[in-house]
Structure formats: C-alpha cells, structure tokens
Amino acid sequence: MSDRRLAAAAAALLAIEDPTEAERVGARAGEVAARLGEPAGAAVRAGAGVLDMAARLLAGRPLAALAPAERDWVCGTVAARGGGQLLEVLKIPMLLAAGSERLTRAAPGTQVAPAHRAGRVRPDPPLDCTNAPDWPSCTTADAVVIGSGAGGAMAARTLARSGARVVIVEAGRRYTTAEFRHRAPLDRFLDLYADDRGAGPHGNRGITIAVGRPPVLLVTGCGVGGTTLVNSGTCYRPPDRVVTRWRQPFGIDMDGFGALLDDVERTLRVAQAPLDILGRNGLIALAGARELGWRAAPLQRNAPGCGGCCQCAVGCPRGAKNGVHRSALPQACEAGARIVTHGWAQRVLTEPWLGGRRRAAGVRALRPDGSALEILAPTVVVAAGALQTPLLLRRSGLAGHPGIGCGLAIHPAVSVAGRFREPVVSWSGVLQSVGIEELHDQGILIEATASPPGMNSFVLPGVGRALRHELDRTDRLAFLGAMIGDAPSGAVHGRRRCVVRYQVADQDGARLRTAIVAMGRVLFAAGAREVLSGLPGRPPARNVGDLAGIVASAPLTALHVAAFHPTGSARMGADPQQCPVDQAGRLRGADGVWIADASVLPTCPEVNPQLTIMAMALAIAGRAASGAAPTAQ
C-alpha cells in the first residue's frame, strides 16, 4: 500500500489539513500496521485502499484530491452504507500514529510530554543472560524452564534454590530501563507486543485477534520477564470463592496457598498505590464510587518508587515496577540459573519410558538464524503462557490429551470515558490506579485504567472533523475499564502460529453490558458531563438512562472487547478425562514435564492474575524439585 493512500486515509479519518502532517501520520500508521503483523496489517492496507476506491466511486476523484468537507462526506457515506467497522479498524493505527506524532512534537513540559524525566531511576539488576547465537549447540542441565514470565521465573528460582542446574529458555530479549526511558511509548509498544522476528524464524506475536463474535484483541508481552514487563503492576489475591472452586470439583490441594501468596508479595514488594501519585483519573474513580457508596480503594501494586508516569504498559522508564525481571529472575540467577535469550523453543525432547509413556529429555530451541541448540535435562517446566504452551506441546508430540488448548478463559474487558469540565490529563498518574469492587461478587471488576501518553484515544467516536474535535478535548476525559470473570469458552489452535477462537457466552455478554453502565454511573457520580460508551456510531450519553439505552440497543458485535489475561488452556485437576495436567502440575502421560503458567489455572481467576500464577508456579516447582508428586495418570 502506497504512503499516498495511507496519508489520504489519515487526512480523512483525523481531519488533518496539513499535507506534510498527513504524510507523517500515514507513514507512521503504515509502520504500525506492518509491525502488528497479519491479519492486522493486511486489514489496514486493504482498508485504506477500499476508502480510496469509495472516494473514486462516490466523488469521482481519489481520496487525496478531495477537500476536507468532501472527505467527511465520503467517510460518512461509507459508514452509513455498512462500512463503519472498516473505519473503526482503520482508526486504531491512525490514532496511535497521530498520538505518537503529537507526543514527539510536543515541547518539554506540555501536557502530552512524558512525565518521567525527573525522579530516581533504579539500576537494572544483574541477570545471567546469553543470546542464543552465543550459546553452545548442546549442553546439559538438571532442569530447563521454557519462558521467563510470572510462572517461569518463580519455577526457575525454586529449582535453582533447591540446588538444580537450571537454564531458562526465553524467545524474546532483555530490555533495559535506559531503552524505556529514551524511546517514545509507541516505539516501545511495537517492540514489546508486535511480531518479534528475532524470537525465532516463525516470530512470536504479542497481539492476537481471537476469532469470534465479537472479535477480541488479546495482548501479551514478549521479553525477559514476560508479561510482567508490561503489565499494569496490579496485584490482586484470588478471591476465596475462586480458591474454593479449584479445591472442588478440580481436586487441587490449595492448603498453604496463602503462604505462597505471602512469598510472592514479598518478592514483588507489593504495597497500596499512594494517593499522591494516582493522578486525577484515579481520584475521579474514588470520588464517583464514594458518591455511590461503592467499595473502592487504590490498588495494590508491585511498583516501589512509582512516579505516576502512566507508562507501565510500555515498560517502566524509571525501573520502578518490580516485575519478575527485577525480582524473581535476579534471585534465580543469584542461585545459579542462566537465561538463554532469543531462543524459540521448538519442542520438548522426550524419550521412551515405562508402559509406553514418555519422559522428559530436554529442550530443542532455534536461534534467530534457524540453527538449533539442545539443552538436555530430565526435568522440563513449560511456562510459555496460555497461548503458546498448547502450541509447544503439539510441536513436541505431547498433546494427546483432548483438553490441550481447550477451556480458554480470557477475562474480557471493556472501557468507557467520561468528559469533565476541568482537565483530567489521564496520562499523568498511575496507569491502573483504583479498584472498584462493588460488583465483583457478580464477576465484574472495575479499575481506573488510563493509557500511556499518545495512546489514549481508542474509545473516541466519529471520523473526520468530528473525531478531530474529540481529539482536541482528550485531556478532559477520564477512563475506566472493567473485566468480567468469563466462562471457559475459547480454544487455542495451531502449532507454530497461535489461532484463538473465542465466543462470548450469553451471560458474559450481559455482564459486559452491565459493566459499561456501571462504569458510567461512577463517572456521572463524579461529575462527568457526558460518557462515551466506546460503541461505534453511538452518541455520548448525557445521563445513566441514556447510557443504558445506548448499551441495550447495541449488538454484541459492536462492543470493543480486549483481553490481557488468557488462562486455562491446559487445565490442572484430579479428573484425568477433563484435565491434561494433574493436580500436582505435571503433564499427564509424560514423566518429568511440568506446566507452570496461566494455562493450568482451571477457571478465570476473576482478578489480575499475576500473584495467582506466581504462587501456583511456586507450588508446582516445589513438587518438581522435591519429587513428591504422585505419578500422573
């Protein structure tokens, strides 16, 4: 797709009248689309072409040749004739590009400039990292851990502290605080989430579109530290009802789980977010909840020294967020563990064992140039995440159980924005700052969640001059997000590329609608003049009744749904027919292969799952280290 068509689409969608600015934004949007990989890139390129073709058919000239009013008319006609979804898809990279452009050109000290230049920067801790090209082609270890995220880091630390020689194989690379500090948020976003061609010859996508009605954007991080590198830092313990559910009917021994959570909280240095760094976005959430009499408080976070720069999701530029790359992994390395970066785990190596079973023999990984390395070990812990673990097991010939890849829950989320008379500047403060738990017993958890600078425009309605009007008032918007504890209605397919199918269950669709209205109630109670529902083509709501009507009239497919917490694709439990992983954490049918990531969680944990995954990995790795687990059936 030519830059000219992308520039014309940028000018039309964002009402950019300066041709030079349109060219810059269009070129940046093309870069965003290319880095997001297929099918997103193809959709953006095709969409720009379709919009140009529509201009030729409707106005008799290319989109680039039209006056601003004519471009608005073309976009309005396309939307009225069923092309609204096309315009919504095109808006995402255009808004990202425009936000980045605005941030780049802003003078220091303006409201859109990064807020992290002042304050103490924590030095990066020492890690024993070796790039795969520099690692020998064949080595031995006592245990290999695949993945360095929440589960893998805790498993590696446990095994290393038991005296085992541990090697962690990580597809991504190590990022430094200096990189986060001196690069624009969008550039970091594209590195941390988009197709990482350095992860292996097949890439390792951090953004996946779950196919279904509605389609859902699934986001995970890739790098040393996994998603803890880029998550919000929110640290919730699983509700008692979830722990009880995992005891029965899944038969998991949850005794002592509280002590494991204590260990994780100490490791991460969890504490409540201070009021003085929340920012107005969080304070508005507290005010609205207080007015309604709803339960709400600043969130527990693993971010000692946080300065409230709202950049958690693209890597903390002060090193304040204490992800596992700053806590469990340095502790694992101190105990002797080593990390191989840029090593794409192609398969778990096994050998024949008793009774026709297999037992672990190590891991085969590919370097970026496609050459292989092998690490031979009798214990393998798979912690590649709920989207990648099923693919690895299939490539390894270990996916004989029909439950592999099934039972996926994703903790789907929706968001809204409230417009206030006074500036909010949502990107100044903690990215995810306040939890509102009034509806949590119904499976709805509301959190005040803003976006990094230049990346906070996704719920804005309209195109052309209407959208430009909204963009010019972005600093007066406050944002809330809500996640629902969903049914396990998804599945992970594929061997090399992850294909996710997910259908929002009827009861979950109803809860998403309830969540939108509930968030609107909070914002109106805090003094919002109007609430933007995020539903395309719907006007802003002036009161709760308006919002309820807008939400009730919208089809489920109109909801903008995203998800950040996939779980359950290799569920653990006592029933060998239903659960591919036994209640100790070992893969059924393969001695010495353990699963210690979000894929083993039997159901949606109903909260941000960082603490839960890490505590579960502690329990599983403890059994792997001691050999105390019963034989898998």
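The structure under discussion appears in the preceding block.
Residues numbered from 1 in each chain as written. Predicted model: local features only at pLDDT ≥ 70, side-chain atom pairs only at ≥ 80, totals over all residues. Heavy atoms only, no water.

Visitor: Before we move on, could you go through the overall build of the chain and cite the residues and values that matter?
Guide: The secondary structure content of the chain amounts to 16 helices and 24 strands. Relative to a compact globule of 633 residues, whose C-alpha radius of gyration would be 26 Å, the chain shows 24 Å and is just as compact. Expressed along its principal axes, the backbone C-alpha trace of the chain runs to roughly 75 × 55 × 50 Å. Evaluated residue by residue, the chain yields a buried proportion of 61% over its 633 residues. Within the chain, counting contacts between residues at least 6 apart in sequence, those at least 24 apart form 75% of the total. About 22,700 Å² of surface is accessible on the chain, with carbon and sulfur atoms providing 52% of the total. (Helix = DSSP H or I, 4+ residues; strand = E, 2+ residues; numbered from the N terminus. Rg over C-alpha atoms; globule rule 2.2 N^0.38 Å. Buried < 20%, exposed > 50% of the residue type's maximum accessible area, 1.4 Å probe, protein only. Contact = heavy atoms within 4.5 Å. Areas by Shrake-Rupley, 256 points an atom, 1.4 Å probe, with all protein chains shown as cover.)

Visitor: Tell me about the pattern of salt bridges, and name the residues and values.
Guide: Under the definition given, this model contains 28 salt bridges. Glu70 is the partner of Arg61 in a salt bridge, and the nearest nitrogen-oxygen pair spans 2.5 Å. In this structure, Asp128 and Arg338 form a salt bridge, with 3.5 Å as the shortest nitrogen-oxygen distance. Within this pair, whereas Asp128 is found in the loop between α4 (68–105) and β1 (129–131), its partner Arg338 is found in strand β10 (residues 338–341), the two being separated by 210 residues in sequence. One salt-bridge network, in which partners are shared between bridges, spans Arg419, Glu470, Arg473, Glu530 and Arg542. (Salt bridge = Lys/Arg side-chain N within 4 Å of Asp/Glu carboxyl O.)

Visitor: Break down the sheet that holds strand β3 (residues 143–146) for me, with residues and values.
Guide: The strands that make up a sheet are held in pairs by hydrogen bonds between backbone atoms, and each pair lies either parallel or antiparallel. Spatially, β1-β10-β4-β3-β14-β24 is the arrangement adopted by the six strands of the open sheet, whose pairing is parallel. Every interior strand has two partners, whereas the edge strands, β1 and β24 (593–595), have only one. Here the average twist between neighbouring strands, direction ignored, is 20°. Relative to β10, β1 runs parallel, the two being bridged by three bridges. Within the sheet, the bridge partner assigned to Asn131 lies in β10 and is Thr341. (Pairing = 2+ DSSP bridges. Axes fitted to C-alpha atoms, helices over the stretch in contact; angles between N-to-C directions.)

Visitor: A description of the packing of helix α14 (residues 506–525) against helix α15 (residues 544–553) should follow, citing residues and the corresponding values.
Guide: Angle between the axes and distance between the axes are the two parameters that describe a pair of packed helices. Between α14 and α15, the least distance of the axes is 10 Å, while the angle of their chain directions is 160°. In terms of orientation, α14 and α15 fall into the roughly antiparallel class. Judged by the twist between their axes, the crossing of α14 over α15 is right-handed. Contact residues: Arg513, Ile516, Val517, Gly520, Arg521 and Phe524 in α14; Val544, Leu547, Ala548, Val551 and Ala552 in α15. (Parallel < 35°, antiparallel > 145°, perpendicular 65-115°, else oblique. Left-handed = near helix turned anticlockwise from the far one by under 90°.)

Visitor: Break down the nonpolar core for me, with residues and values.
Guide: If you look at the biggest cluster of nonpolar residues, it comprises 139 residues, and the most contacted ones within it are Val166, Ile375, Leu480, Leu523, Leu587 and Met616. Looking at which element gives the most residues to this core, the answer is helix α16 (residues 610–626), with ten residues. Once residues within four sequence positions are removed from consideration, Leu480 is found in contact with Ala285, Val414, Ser415, Val416, Ile446, Glu447, Ala448, Thr449, Met519, Val522 and Leu523. If you look at the next biggest cluster of nonpolar residues, it comprises 38 residues, including Ala11, Val74, Leu87 and Ala417. (Core = buried A, V, L, I, M, F, W, Y, C linked by side-chain atoms within 4.5 Å.)

Visitor: So what's going on with the side chain of Arg188? Residues and values would help.
Guide: One can find Arg188 in helix α7 (residues 185–193). Buried charge Arg188 goes without a salt bridge, the closest partner of opposite sign being Asp187 at 8.3 Å. Excluding its chain neighbours within four sequence positions, the residues that come into contact with Arg188 are Glu179, Phe180, Arg183, Gln311, Val314, Gly315 and Pro317. (Lys, Arg positive; Asp, Glu negative; His and termini not counted.)

Visitor: Describe in detail the packing of aromatic side chains, supporting the description with residues and values.
Guide: Aromatic rings considered in pairs are described by the distance between their centres and by the relative angle of their planes. Enumeration according to the criterion identifies two aromatic pairs in this entry. An angle of 40° between the planes, with centres 5.1 Å apart, marks the rings of Phe189 and Tyr193 as tilted. Residue Phe189 and its partner Tyr193 are both found in helix α7; the two are separated by four residues, about one turn of the helix. Each of the two residues, Phe189 as well as Tyr193, counts as buried. (Phe/Tyr/Trp six-rings, centres within 6.5 Å; stacked < 30°, edge-to-face > 60°.)

Visitor: Residue-level account of the packing of helix α5 (residues 150–161) against α16, with values.
Guide: Remark: α5 packs on α16, axes separated minimally by 8 Å, with the N-to-C direction vectors making an angle of 35°. Considering the relative orientation of α5 and α16, their crossing is right-handed. Only Ile613, Met614, Ala617, Leu618, Ala621, Gly622, Ala624 and Ala625 of α16 make contact with α5, whose side of the interface consists of Ala150, Gly151, Met154, Ala155, Arg157, Thr158 and Leu159. For the contact of α5 with α16, the per-class residue count stands at eleven nonpolar, three polar and one charged. (Nonpolar A, V, L, I, M, F, W, Y, C, P; charged D, E, K, R; others polar.)

Visitor: Explain helix α8 (residues 240–247) to me, and be specific about the residues and the numbers.
Guide: Within the span of α8, buried status applies to Val242, Val243 and Trp246. End-on, the buried residues of α8 take up no more than an arc of 100°, which puts them together on one face. Check the buried side of α8 and you find it contacts α16. (Arc of directions from axis to C-beta.)

Visitor: I'd like a rundown of the environment of Thr557, residues and numbers included.
Guide: On the secondary structure map, Thr557 appears in the loop between α15 and β22 (561–563). The exposure class assigned to Thr557 is partly exposed, which follows from its relative accessible area of 31%. Thr557 sits 22 residues away from Leu535 along the chain, and the two C-alpha atoms are 9.8 Å apart. Excluding its chain neighbours within four sequence positions, the residues that come into contact with Thr557 are Arg213 and Pro214.

Visitor: Which residues make up the environment of Leu349, and what are the values?
Guide: In this structure, Leu349 sits in strand β11 (residues 344–352). In this structure the C-alpha to C-alpha distance between Leu349 and Gly362, which are 13 residues apart in sequence, comes to 4.9 Å.

Visitor: Can you tell me about the environment of Ala584, naming the residues and giving the values?
Guide: Mapped onto the fold, Ala584 is located in the loop between β22 and β23 (590–591). Ala584 gets classed as buried once you look at its relative accessible area, which sits at 5%. When the C-alpha atoms of Ala584 and Trp344 are compared, they prove to be 27 Å apart, with 240 residues separating the residues in sequence.

Visitor: Requested: an account of the pairing of strand β4 (residues 166–169), with residues and values cited.
Guide: Residues Val166 and Ile168 of β4 are buried on one face, and the alternating residues Val167 and Val169, pointing to the opposite face, are buried as well. With four bridges joining them, β3 and β4 adopt parallel strand pairing. Bridge pairing in β4 links Val144 to Val167. In terms of handedness, the path from β3 via α5 over to β4 forms a crossover that is right-handed. In terms of strand pairing, β4 meets β10 through three bridges, oriented parallel. Counted as the bridge partner of Ile168 is Ile339 from β10. (Right-handed = clockwise from strand over helix to strand, strands pointing away.)

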